[in-house]
Amino acid sequence: LLRVLDLCDEAMPSLHETLFAPREGWQERQPRNAQGSQPEVPPPPDLAERCPSLRDLYMAAELEWSEGEPAINVYTSDGYFGAHKDHLALTVLIPLTAPSTDFEGGGTGFWAGNSAVGEDPRGPPDLVLA
């Protein structure tokens, strides 16, 4: 997990600032929770200084996970993980096998609009990673 967080920090340095840094507009950048409301309590003002990276946030126990996560989902032929909402700001997907070498097909869909999309969306996703 730490290697993934380090890779995210290196490859996408603006990720931490955009999603997690406490500053004006923080609340509006956060995903809605399962009840459909924005978080009301911003992070402590000194959090950006104490935790300037995703690794630091994790080590300070400042990252929130979906129940049962971080997790490794193993798929078999015709396997899938049903449409759902995580209610969190960041999803990291790491294939453990090589596409077109170890498997064919597959992908992950994302639907835009936290409040407009139900827990089980019926329409096609707005973005698909294949």
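Computed from a predicted model, the values in this text were never measured in an experiment.

Draft legend 1. Inspection of the overall build of the chain at higher detail. Each helix and strand in the chain was counted, giving five helices and two strands. Evaluated residue by residue, the chain yields a buried proportion of 18% over its 130 residues. Taking the intrachain contacts of the chain between residues at least 6 apart in sequence as the baseline, contacts between residues at least 24 apart amount to 48%. Of the roughly 9,700 Å² that the chain leaves accessible, carbon and sulfur atoms contribute 53%.

Draft legend 2. Expanded view of the environment of Leu 19. With respect to the element layout, Leu 19 can be found in helix H2 (residues 14-19). Note on Leu 19: relative accessible area 14%, which makes it buried. C-alpha of Leu 19 to C-alpha of Leu 90: the two residues are 71 residues apart in sequence and 8.2 Å apart in space.

Draft legend 3. Region of interest: a nonpolar patch on the surface. Where nonpolar side chains cluster on the molecular surface, the patch consists of Ile 72, Val 74, Leu 90, Val 92, Ile 94 and Leu 96 and spans about 620 Å² of accessible area. Mapped onto the secondary structure, Leu 90 falls in the loop between helix H5 (54-59) and strand E1 (108-110).

Draft legend 4. Local environment of the confidence of the model for the chain. Summary statistics for the chain give a mean pLDDT of 78 and a share of 87% for residues scoring 70 or more. By mean pLDDT, helix H3 (residues 26-29) is the weakest element of the chain at 76, and H5 is the strongest at 92.

Draft legend 5. How the structure looks around the pattern of salt bridges. Under the criterion given, the structure shown has three salt bridges. Here Asp 6 ties to Arg 55 by a salt bridge, and the two come within 2.7 Å at their closest N and O atoms. With Asp 6 in helix H1 (residues 2-11) and Arg 55 in helix H5, this residue pair connects regions lying 49 residues apart in the sequence. Note that Arg 50 is salt-bridged to Asp 46, the shortest N-O span being 3.2 Å. A relative accessible area of 42% places Arg 50 in the partly exposed class. Residue classification places Asp 46 among the partly exposed residues on the basis of a relative accessible area of 36%. Salt bridges here are not isolated pairs; linked through shared partners, they connect Asp 46, Arg 50 and Glu 62.

Draft legend 6. Structural context of the nonpolar core. In terms of nonpolar packing, the biggest core is built from 11 residues, these being Val 4, Leu 5, Cys 8, Leu 15, Leu 19, Phe 20, Leu 47, Cys 51, Leu 54, Leu 57 and Leu 63. Taken together, the elements giving at least two residues each to this core come down to H1, H2 and H5. The element that contributes the greatest number of residues to this core is H1, accounting for three residues.

Draft legend 7. The arrangement of the environment of Pro 52 in detail. Mapped onto the elements, Pro 52 comes out in the loop between helix H4 (47-50) and H5. Judged by its relative accessible area of 51%, Pro 52 is exposed. Pro 52 sits 32 residues away from Phe 20 along the chain, and the two C-alpha atoms are 9.5 Å apart.

Basis of the calculations
Residues numbered from 1 in each chain as written. Predicted model: local features only at pLDDT ≥ 70, side-chain atom pairs only at ≥ 80, totals over all residues. Heavy atoms only, no water. Helix = DSSP H or I, 4+ residues; strand = E, 2+ residues; numbered from the N terminus. Buried < 20%, exposed > 50% of the residue type's maximum accessible area, 1.4 Å probe, protein only. Contact = heavy atoms within 4.5 Å. Areas by Shrake-Rupley, 256 points an atom, 1.4 Å probe, with all protein chains shown as cover. Patch = residues over 30% accessible without salt bridge, like charges linked within 9 Å, V, L, I, M, F, W, Y side chains within 5 Å. Salt bridge = Lys/Arg side-chain N within 4 Å of Asp/Glu carboxyl O. pLDDT = per-residue confidence, 0-100. Core = buried A, V, L, I, M, F, W, Y, C linked by side-chain atoms within 4.5 Å.

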